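# Topology and contacts: notes
What follows is the residue order along each chain.
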Amino acid sequence: MKFAYRFSGLLGTVYRRGNLSFTRDGSSLISPVGNRISVFDLKNNKCETFPLATRLNIVCVGLSPDGSLAILIDEEGAALLVSLIGKCVIHHFYFHKPVHSVSFSPDGKKFVITKDNVALMYHAPGKKREFNAFVLDKTYYGPYDETTCIDWTDDSKCFAVGSKDMSTWVFGAERWANLIYYSLGGHKDVIVACFFEENSLDLYTISQDAALCVWQCDTELDGLKSMPPKNAAREKDAAGDDEEFLEEPKGEEIHGKANPSEQETREKVKYSRVAKYFFNKEGDFNNLTCAAYHKKTHLLVTGFASGIFHLHELPDFNLIHSLSISDQRIASISINCTGDWIAFGCSGLGQLLVWEWQSESYVLKQQGHFNSMVSLAYSPDGQYIVTGGEDGKVKVWNTSSSFCFVTFTEHTSGVTAVTFTSNGYVILSASLDGTVRAFDLHRYRNFRTFTSPRPSQFSCLAVDSSGEIVSAGSQDSFEIFIWSMQSGRLLDVLSGHEGPISCLSFNPMKCVLASASWDKTVKIWDMLESWRTKETFIFNSDVLVVAFRPDGKELAVASLNGQITFWDHESAVQTGSIEGRHDLQMGRKELDKITAKQSAKGKSFTTLCYSADGQSILAGGLSKFVCIYNVKEQILMKKFEISCNFSLDAMEEYLDRRKMTEFGSMALIDGGAGDEDGVAIPLPGVKRGDMSYRHFKPEIRVTCLRFSPTGRSWAATTTEGLLIYSLDSGLIFDPFELDIDVTPSNIRKTLHQKEYTKAIVMAFKLNEKQLIQEVIEAVPSGEVDVVCSSLPDLYVEKVLEFLASAFEISCHLEFYLIWAHKLLMLHGQKLKTRSVRLLPVIQFLQKSIQRHFEDVSKLCEWNIYNIKYALAISKQRGTKHLAEEPSEDEETLDSDSDYLMQEVHKDNSSS
């Protein structure tokens, strides 16, 4: 088995904090999710998370105008320059202080970042290779308090910076003779946003108390005069002397004054306030949290702390419409280049919405679990993943698009376990509210609810391979309940455990149930013998998790002492054990009194999962590591670090000495209270807000692990969300039984001689995907039958695996279906004998064919009317031609009906 699994996607988290940004074409949205970024392709309905991460949560994202570069800045001011095309990090930079906003100039030559009370302008990274991608150009001083927002004029000559000191500053990107800096007041609260009018120096400023000021400038952009050169030769000499002492160029400094003298303002640009508008009605105190402005359509969108947003047309301040989209504060707003779509991010609930304001409809509406995810399960074909969370929601995700397409909210308490039945159309979930619910994926409804005679909190769940028997374990009455899926009736209550039931697992091949409990035992129950206890395995410590191998012949058990033991449940013999405590590698939490090494002694694996072929086992727990062990050899094969986000707790092995004081850890002092999310209480002289508001760091943990039935990926529910790791086969040269004569030229020569079977065998020996595709597609469809019958058994499996992966990307659907059909028909009996080993490949093939079947069947259903209409028109046209030559009026009628048909087809395909 290969272990080249790489991070391939993050589901379940769509937005955390920071600013949303649309790409240049306006069809994709970039959203910061913790310390990563996700790109939502709104036209193709897909989501992709980039395989790069910052050290802490991302707070601001700046996109270059050409859409090829992005600057990601985290909570401490560490920046990454990222290529959006290559999806890789180009450059690292550290700004030393938290950065509030970043913005590229429209011409792409400069970018400005704001930190503390200064604005720093840098030369934008160019197309050529540079030793230092970020070169400081100018530093702008002026505001007294922290800067909050940036906006540029359309020609990149000037930019405006808003501040917490209620002032807005307009700076020249170059030293203009009539505009170096200009300070604007007029507000009574923090400036949230400032926007220039299109091709103008006129400005709109918006403050947190929901007030909008309209500023008119007496000078046009063309009226800005460039500064005459001042003793250029002398400056050059001085610079030459300084260069010896300066390690790096510091850039020019511009110091603004809030009250400049009359002499300084003579013949300079002047601003006057034309109007002031208020968003809130009298007596309404709704804080404005974010805003966005589309210059071409003059559309202003403002978001509020209550979850309401307003659309206004400027400069007349006409309200277009107002809508409430959430009950939490809107943290970020972005408008795409056409002005049709507006994106909203709510960090409190982790919501991401894209709204088309003209048709008043959602383009995208996604939300992750409000609290952490607890469990997950793959559908039998590997196409869907179901997750259950502490918020009581059950969500179903599509693995190919990474979107959640249905949410079930019937549970009234936290969901503890979820699973699919063997047919893949029924989802079962157990909850602490005392119910087990069955959901139908055809009609998206809760069609069965299983309950116990006395209310019990269910901690685990299992369903047998037929999908008929449902069992759930209780954590307060120590009993296992058995129900019938058909009737919904309680069949039996199994008692015998003396502690809470921690895990249940059905044998995939027999009607045997294994139950693990905190009473240090695992019991095996046989359904055919009226649920009698067949075996009881006794352990030295509490048993946390139990799992059967896919072929049902082995049982893996993880206990509280950090051991994983393997059992042959038929003969009740232990076949092996793994001491895994040291592999967990715990981190030390900020408030821990003991070291990570000491605390690891009490930690263990809380989730286990066999790989699809049963040769390996995945294990995870209260740690940032997931371990893959080889079952036969009982050795650690690979450790995956699932997160490098230091915004989470228990990430570091050692605490930073600088955070330790004589009074204890600095983490006890809550520095972030009331800054943004807290309730601001305006008391005189108080800067911090509500000091009773607590800020905490979530702890890194892996709550559930599952292998995909296709064997090509595995998923983990973690503090960060649902992480998917897949086999990246694109970069690996992995030959199979390679011979000295097997070369690409020899393969093509054999193909040219029409020796197709030999060419296919040679191509698989070299194992180059492009070459295999070339050889298989060169086989005439009439010859497929002959080639399939003469293929050696060893290569049938390999061809099937190739077909499964080819279905995902190839357009030759019918050709590959012929191949799959012929192979299965001719070699079906032989493949059946190796069914356990081949199961992942067959399920991968089924998943690929099923996805195409759904797409094609939907397309046919949508267009069936159009096809009938086209046939009817063509029949009518044919009869007219036979009867008589059509007149000019009839011809125009025909062309009109033709046009109408095309329009109907377009409408249908767009819908």
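Residues numbered from 1 in each chain as written. Predicted model: local features only at pLDDT ≥ 70, side-chain atom pairs only at ≥ 80, totals over all residues. Heavy atoms only, no water.

Helix and strand counts for the protein come out as 12 helices and 59 strands. Taken across its 911 residues, the protein has 50% of its residues classed as buried. Looking at the protein alone, contacts between residues at least 24 apart form 50% of all its contacts between residues at least 6 apart. Accessible surface, the protein as shown: approximately 44,300 Å² in total, 51% of it carbon and sulfur. (Helix = DSSP H or I, 4+ residues; strand = E, 2+ residues; numbered from the N terminus. Buried < 20%, exposed > 50% of the residue type's maximum accessible area, 1.4 Å probe, protein only. Contact = heavy atoms within 4.5 Å. Areas by Shrake-Rupley, 256 points an atom, 1.4 Å probe, with all protein chains shown as cover.)

This brings us to the side chain of Arg36. Looking at the element boundaries, Arg36 is found in strand β4 (residues 36-41). Notably, Arg36 is buried but unbridged: the nearest opposite-charge side chain belongs to Glu720, and the N-O separation is 4.7 Å. Aside from chain neighbours lying at most four places away, what touches Arg36 is Phe7, Ser31, Thr49, Phe50, Pro51, Leu52, Ala53, Ile58 and Ile642. (Lys, Arg positive; Asp, Glu negative; His and termini not counted. Salt bridge = Lys/Arg side-chain N within 4 Å of Asp/Glu carboxyl O.)

Attention now moves to the pairing of strand β54 (residues 635-641). With six bridges connecting them, strand β53 (residues 625-630) and β54 associate as antiparallel partners. Bridge assignment links Tyr629 to a residue of β54, and that residue is Leu636. Count of turn residues in the β53/β54 antiparallel hairpin: four residues, of which Gln634 carries a positive phi of about 55 degrees. (Pairing = 2+ DSSP bridges.)

Here we come to empty space enclosed by the protein. With the rule as written, the count across this model stands at three cavities of 30 Å³ or more. Size it by volume and the largest cavity reaches roughly 130 Å³. In terms of lining, the largest cavity is formed by 15 residues, of which the most central are Arg588, Glu590, Glu652, Leu655 and Lys659. Of the residues belonging to the lining of the largest cavity, the class tally is seven nonpolar, one polar and seven charged. (1 Å grid on protein atoms, 1.4 Å probe; cavity = no way out; pocket = protein on both sides within 12 Å on 5 of 7 lines; lining within 4 Å. Points joined across faces, edges and corners; volume = space filled by probe spheres on them. Nonpolar A, V, L, I, M, F, W, Y, C, P; charged D, E, K, R; others polar.)

Turning our attention to helix α5 (residues 744-752). Within the sequence span of α5, burial applies to Ile747, Thr750 and Leu751. Buried residues of α5 fall within an arc of 100 degrees about the axis and therefore sit on the same side. Of the exposed residues in α5, those oriented more than 90 degrees away from the buried face are Lys749 and His752. Where the residues of α5 are buried, they touch α6 (756-766) and α7 (769-778). Lys754 sits one or two residues past α5 and shows a positive phi near 65 degrees. (Arc of directions from axis to C-beta.)

Turning to the sheet that holds strand β49 (residues 563-568), a few remarks are in order. Spatially, four strands are ordered β47-β48-β49-β50 in an open sheet, and the strand pairing comes out antiparallel. Each edge of the open sheet carries a strand with a single partner, namely β47 (543-548) and β50 (573-579). Averaged over all pairs of adjacent strands, the angle between strand axes in this sheet comes to 20 degrees, irrespective of strand direction. Bridge analysis of strand β48 (residues 555-559) against β49 gives four bridges, and the strand direction is antiparallel. The residue bridging Ala556 from the neighbouring strand is Phe566, located in β49. (Axes fitted to C-alpha atoms, helices over the stretch in contact; angles between N-to-C directions.)

Quick look at the sheet that holds strand β58 (residues 713-718) now. Spatially, the four strands line up as an open sheet ordered β1-β59-β58-β57, and their pairing is antiparallel. Looking at the sheet topology across the chains shown, the edges are occupied by β1 (5-11) and β57 (702-707). Taking each pair of neighbouring strands and ignoring which way they run, the sheet shows an average axis angle of 20 degrees. Across five bridges, β57 lies against β58 in antiparallel orientation. Looking at β58, one finds that Leu705 is bridged to Ala716.

This next bit is on the side chain of His852. With respect to the helices and strands, the residue His852 is situated in helix α11 (residues 835-883). Taking relative accessible area as the criterion, His852 reaches 17% and is therefore assigned buried. Apart from the residues within four sequence positions on either side, His852 is in contact with Phe807, Glu808 and Leu813.

Bringing the pattern of salt bridges into the picture now. Evaluated as defined, the whole model comprises 20 salt bridges. Of the charged contacts in the structure, one is a salt bridge between Asp154 and Lys295, with a shortest N-O distance of 3.4 Å. Pair noted here: Asp154 is in the loop between β14 (147-152) and β15 (158-163) and Lys295 is in the loop between β23 (288-294) and β24 (299-304), with a separation of 141 residues, a long-range link. We classify Asp154 as partly exposed; its relative accessible area is 28%. The buried category is assigned to Lys295, whose relative accessible area is 16%. Where Asp551 meets Arg549, a salt bridge forms, and the shortest distance between an N and an O atom there is 2.9 Å. Given the relative accessible area of 19%, Arg549 is considered buried. Via salt bridges that share partners, Lys110, Asp137 and Lys138 belong to a single interconnected network.

Now for the packing of aromatic side chains. Counted according to the given criterion, the structure contains 46 aromatic pairs. Ring geometry for Tyr277 versus Phe317: centroids 4.7 Å apart, planes at 5 degrees, classification stacked. Remark: Phe317 occurs in the loop between β25 (308-313) and β26 (318-324) and Tyr277 occurs in strand β22 (residues 271-278); sequence separation between them is 40 residues. For Phe317, a relative accessible area of 16% corresponds to the buried category. Taken together, the aromatic side chains of Tyr5, Phe7, Phe640, Phe707, Trp714 and Tyr725 make up a single cluster linked through ring pairs. We note Arg36 situated over the ring of Phe7; from NZ or CZ to the ring centre the distance is 3.9 Å. The ring of Phe646 carries Arg55 above its face, with NZ or CZ at 4.4 Å from the centroid. (Phe/Tyr/Trp six-rings, centres within 6.5 Å; stacked < 30°, edge-to-face > 60°. Lys NZ or Arg CZ within 6 Å of the ring centre and 35° of its normal.)

Glancing now at the packing of α6 against helix α9 (residues 793-809). Two numbers describe how α6 lies on α9: the axes approach to 11 Å, and their chain directions differ by 75 degrees. One element, α6, and the other, α9, form an angle in the roughly perpendicular class. Contacts from Ile760, Val761, Phe764 and Lys765 of α6 reach α9 at Tyr795, Lys798, Val799 and Phe802. Each residue belonging to the contact of α6 with α9 can be placed in one class, and the counts come to six nonpolar, no polar and two charged. (Parallel < 35°, antiparallel > 145°, perpendicular 65-115°, else oblique.)

The next subject is unusual backbone geometry. Cis geometry marks the peptide bond from Leu314 to Pro315, where omega comes out at 5 degrees. When you line up the elements, Pro315 lands in the loop between β25 and β26. Look at Asn45: it is not a glycine, yet its phi comes out positive at around 55 degrees. Along the chain, Asn45 turns up in the loop between β4 and β5 (46-49). Backbone geometry at Phe478 places phi at a positive 60 degrees, although glycine is not the residue there. The exposure class assigned to Phe478 is partly exposed, which follows from its relative accessible area of 29%.

On their own, these measurements won't tell you what the molecule is for.
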